[in-house]
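# Residue-level structure breakdown
One letter stands for each residue in the lines below.
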Amino acid sequence: SGDQECSAPVAAQAHRMQFEADAFTARLGANAEFDPQQQLRVTYSSTVAPGSTMQYDIATKGYEVLKVAPVPNYDATLYDTERLEVPARDGVKIPVTLFWRKDQKKPKMPTHLYGYGSYGISMDPSFSASRLALVDRGICYAIAHIRGGGEMGHHEWYEKQGKYLAKKNTFHDFVDCARYLKEKGISGDMSCEGRSAGGLLVGNAVNLAPEAFNACIAGVPFVDLMTTMCDPSIPLTTEEWEEWGNPNEAKYHDYMLSYSPIDNVQAGVTYPQMLLVSGLNDPRVAYWEPAKWAQVLRHEIANGDETLVKMDMSAGHFSAADRYRYLRELAFDYAWLLDVFGKAE
């Protein structure tokens, strides 16, 4: 047919676009009109490279950089990034992105491990100037691309292996990444961070492997899983059953209870230092979840007095509304973290 005649040569000419970094985020840009010269507009970023818009020549496979987001006083040559594949306990390879400053790199670097792993949302390796506050002080910033996200395919990474009765893969992946980085001598002291459903992640991580982390930042953490999911009068609850399961069914109820962070705190065990950050007006994760979790931690764990709660009386789910106040809130988190690492100035 005509379609077959047209598709064969097109498929034969297909090729993979090559980029400089091991870990990066690349997307099609605005290509509103067909270009007979075979020029393709793409956007590109990595943990080292600020966002840029480039023109890609399909014939020569060359790039022309059209615009780069300005970052004052930033020198990309001082930094480097790497992608690792970490074997999880079931043999699945979990991608991890590392970002460090070259003149600060050494064995057993202090490392800040970030993750999310829910709703099929990918934590793509892109540029963030705020991370430089940590990296410039000798901390390696790591992103674990765990199951529950969509990095390795929406169906396989999320629908099949990262939700419902497979949800524990998310938490095991994160812990396995942390232990791998330490066992291979890449990381020494380690902290972890997650926000919202990422709070569920780090809440499980510190329950499963409290010895692996020195500090934990849990932002608007979803940690009182059973109370929230068993109360359909709370906004979003029944919608969330599509992610975790319906607790009115025994198989989901029991499975969810087995990983609800607030219900699985290890009594008498030393935990990492904990910073729980929340907002009084949060409509997605109510303020009482981190407040209740803090009380459980303070009562149960050996070092409960090292659990801190920072409640913003005017913020919602996404922290402060204006940019400068948001940066002040982030500066507080990082200042606390640097103090734990002994790197506060």
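### Notes on the state of the cysteines
Per the counting criterion, the structure on display carries 0 disulfides. Between Cys192, a free cysteine, and Cys216, which holds the nearest cysteine sulfur, the sulfur-to-sulfur gap is 3.8 Å. Residue classification places Cys192 among the buried positions, given a relative accessible area of 0%.

### Digging into the pairing of strand E9 (residues 187-195)
Among the 9 residues that make up E9, 7 are buried, leaving the element largely enclosed by the rest of the structure. Taken together, the 5 bridges between strand E7 (residues 109-114) and E9 define a ladder with parallel strand orientation. Residue pairing for E9: Tyr114 is matched across the bridge by Glu193. By the bridge criterion, 5 bridges tie E9 to strand E10 (residues 215-219) in an arrangement that is parallel.

### Description of the nonpolar core
One finds Phe174, Phe213, Trp244 and Trp293 to be the most contacted residues of the largest nonpolar core, which totals 78 residues. In contact with Phe213, other than residues within four places in its own chain, are Leu113, Phe174, Ala178, Met190, Ser191, Cys192, Ala205 and Pro272. By size, the runner-up hydrophobic cluster in this structure holds 5 residues, among which are Ala21, Val42, Tyr44 and Met54.

### Examining helix H10 (residues 323-340)
The first and last C-alpha atoms of H10 sit 26 Å apart over 18 residues, in line with the 26 Å expected at 1.5 Å per residue. Directly after H10, the chain includes Gly342, whose backbone phi takes a positive value near 70°.

### Topic: the sheet that holds strand E5 (residues 79-87)
Spatially, the 8 strands line up as an open sheet ordered E5-E6-E8-E7-E9-E10-E11-E12, and their pairing is mixed. The open sheet has two free edges, formed respectively by E5 and strand E12 (307-312), since each of these has just one partner strand. Ignoring which end each strand starts from, the neighbouring axes of this sheet average 20° apart. When strand E11 (residues 273-279) meets E12, the two strands line up parallel, connected through 6 bridges. Among the inter-strand pairings, Met274 is bridged to a residue of E12, identified as Thr307. Most of the contacts of helix H5 (residues 197-208) go to E9, to which it runs at about 140°, and overall it touches E9, E10 and E11.

### Quick notes on a nonpolar patch on the surface
Residues Leu280, Tyr287 and Trp288 make up a contiguous nonpolar surface patch of roughly 260 Å² in combined accessible area. Inspection of the secondary structure assignment puts Leu280 in the loop between E11 and helix H9 (288-300).

### Some details on the confidence of the model for the protein
Scored by pLDDT, the protein comes out at a mean of 92, with 94% of its residues at no less than 70. Taken as a whole, residues 1-6 scores under 50 in pLDDT and shows 0 contacts with residues more than four places along the chain or in a different chain.

### Observations concerning the side chain of Glu240
With respect to the helices and strands, Glu240 occurs in helix H7 (residues 237-244). It is Arg284 that comes nearest to the buried, bridge-free Glu240 among opposite-charge side chains, at 7.7 Å. For Glu240, the side chain forms a polar contact with the side chain of Trp244, separated by 3.0 Å. Ignoring sequence-local partners within four residues, the contact set of Glu240 consists of Tyr119, Met229 and Gly245.

### Here's the deal with the sheet that holds strand E2 (residues 39-45)
In spatial order, the strands read E1-E2-E3-E4; together these 4 strands make up an open sheet with antiparallel pairing. Two strands in the sheet have a free side with no partner beyond their single neighbour: strand E1 (25-28) and strand E4 (62-68). Direction aside, the axes of adjacent strands within the sheet are offset by 30° on average. Across 6 bridges, the pairing between E2 and strand E3 (residues 52-57) is antiparallel. Bridge pairing in E3 links Val42 to Met54.

### Topic: the environment of Ala331
Within the element layout of this structure, Ala331 appears in helix H10. A relative accessible area of 44% means that Ala331 is categorised as partly exposed. Between the alpha carbons of Ala331 and Ala133 there is a distance of 8.6 Å; along the sequence they are 198 residues apart.

### Description of the packing of aromatic side chains
Tallying each qualifying case throughout the model produces 16 aromatic pairs. Here the aromatic rings of Tyr56 and Tyr63 are separated by 4.8 Å at their centres, their planes lie at 45°, and the arrangement is tilted. By relative accessible area, which is 3% here, Tyr56 ends up buried. Judged by centre distance (5.2 Å) and plane angle (50°), the rings of Phe171 and Tyr259 are tilted. Of this pair, Phe171 sits in helix H4 (residues 168-183) while Tyr259 sits in helix H8 (residues 250-259), and the two are 88 residues apart along the sequence. Each member of the pair, Phe171 as well as Tyr259, is classed as buried. Its end group placed over the ring of Tyr164, Lys163 keeps NZ or CZ at 4.6 Å from the ring centre.

Cut-offs and rules
Residues numbered from 1 in each chain as written. Predicted model: local features only at pLDDT ≥ 70, side-chain atom pairs only at ≥ 80, totals over all residues. Heavy atoms only, no water. Disulfide = S-S within 2.5 Å. Buried < 20%, exposed > 50% of the residue type's maximum accessible area, 1.4 Å probe, protein only. Helix = DSSP H or I, 4+ residues; strand = E, 2+ residues; numbered from the N terminus. Pairing = 2+ DSSP bridges. Core = buried A, V, L, I, M, F, W, Y, C linked by side-chain atoms within 4.5 Å. Contact = heavy atoms within 4.5 Å. Expected span 1.5 Å × (residues − 1). Axes fitted to C-alpha atoms, helices over the stretch in contact; angles between N-to-C directions. Patch = residues over 30% accessible without salt bridge, like charges linked within 9 Å, V, L, I, M, F, W, Y side chains within 5 Å. Areas by Shrake-Rupley, 256 points an atom, 1.4 Å probe, with all protein chains shown as cover. Salt bridge = Lys/Arg side-chain N within 4 Å of Asp/Glu carboxyl O. pLDDT = per-residue confidence, 0-100. Lys, Arg positive; Asp, Glu negative; His and termini not counted. Polar contact = N/O pair within 3.5 Å; in protein donor to acceptor, adjacent residues only side chain to side chain. Phe/Tyr/Trp six-rings, centres within 6.5 Å; stacked < 30°, edge-to-face > 60°. Lys NZ or Arg CZ within 6 Å of the ring centre and 35° of its normal.

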